[in-house]
Amino acid sequence: MKQHVPLIVGNWKMNPATVGAAKKLFLAIRKALGRKRLNVHIAVAPPFPFLSELERLSPSQRISLAAQDVFFEAIGAHTGEVSLPMLKSVGVTAVIVGHSERRARGESDHEIYEDVSTLFKSNVTGIICVGENERDDSGNFYSVVEAQLRSALRGVPKTKLKQLVIAYEPVWAIGTGAVATPEDVHEMKLFIQKILTDHFGRAGAEKVRVIYGGSVKKKNAAALLEEGQVDGFLIGGASLKAKEFVSIINIAHEYEKTSV
Ligand code: PGA
């Protein structure tokens, strides 16, 4: 049985180029969503400088604002960093941590743990990204995901599990068009849930949403939900096209309606 309302997050990464273009994209998404009541939680994660402008465009909170990263200290001499209180002050209610593009630039499991620890002292949703760089026949990629996950989970108290989202994002599938098969995604979801159960017990693990990211498009979204059994998506490239992004949201809504 499904337990969670699907969560669809658009990770805009370092796009678009200007605040004007960001507002245009946001408004196009809002327009494409129309007035229909959707049983889907929607968030977009724009670059930091656009957050406060977009907050003004989302008075109904129909689309929540997420940040692409956070720094664990609250204030002080940390050139180039952005803190959680800053993000909250511009309406951010969810933060992505440990994205593979941050890890590729040197962010370590320990730093991710520190960010997670700060985040879970607040009421902000934490979307923790895990995923292997490549798949091997002997299944070593499971240990890669396990190590990333166990390290980050040390920063999550048992009382905050409703705020926890794990995004399984195999790096080889990000921005490549090489999407993981629904079966692979399902197996990894079960594996992640097993680790969550080890850590928090069964009832705790059931509160956590597990979503998938990596070349999600409208043409593969239904199978990933139905067979992959994930609780939603983290979407990069396809979230920059309002119509494509909203098509995926509508697919998630239909799935939510028809499945029990
Ligand atoms: P993609 O990116 O949808 O462009 O593959 C996903 C992500 O990196 O979150």
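All of the points below concern the structure found in this document.

### Observations concerning unusual backbone geometry
That bond from Asn15 to Pro16 is cis: its omega, -15 degrees, falls within 30 degrees of zero. Residue position: Pro16 is located in the loop between strand S1 (7–11) and helix H1 (19–33). With a phi close to 55 degrees, Lys13 is a non-glycine residue in the positive phi region. Tracing the sequence through the fold places Lys13 in the loop between S1 and H1. Phi at Ser215 is positive, roughly 55 degrees, even though this residue is not glycine. Inspection of the secondary structure assignment puts Ser215 in the loop between strand S7 (209–213) and helix H8 (218–226). What makes Ser215 buried here is its relative accessible area of 9%.

### A few points about the layout of surface pockets
The calculated volume of the largest pocket comes to roughly 640 Å³. Those elements that place two or more of their residues in the lining of the largest pocket are helix H4 (100–103) and helix H5 (109–119). With three residues, H5 is the largest single contributor of residues to the lining of the largest pocket. Partitioned by chemical class, the residues of the lining of the largest pocket number nine nonpolar, five polar and ten charged.

### As for the pattern of salt bridges
For the structure on display, the rule yields twelve salt bridges. It is possible to trace a salt-bridge network through shared partners that takes in Lys23, Glu53 and Arg56.

Rules of the game
- Residues numbered from 1 in each chain as written.
- Predicted model: local features only at pLDDT ≥ 70, side-chain atom pairs only at ≥ 80, totals over all residues.
- Heavy atoms only, no water.
- Helix = DSSP H or I, 4+ residues; strand = E, 2+ residues; numbered from the N terminus.
- Buried < 20%, exposed > 50% of the residue type's maximum accessible area, 1.4 Å probe, protein only.
- 1 Å grid on protein atoms, 1.4 Å probe; cavity = no way out; pocket = protein on both sides within 12 Å on 5 of 7 lines; lining within 4 Å.
- Points joined across faces, edges and corners; volume = space filled by probe spheres on them.
- Nonpolar A, V, L, I, M, F, W, Y, C, P; charged D, E, K, R; others polar.
- Salt bridge = Lys/Arg side-chain N within 4 Å of Asp/Glu carboxyl O.

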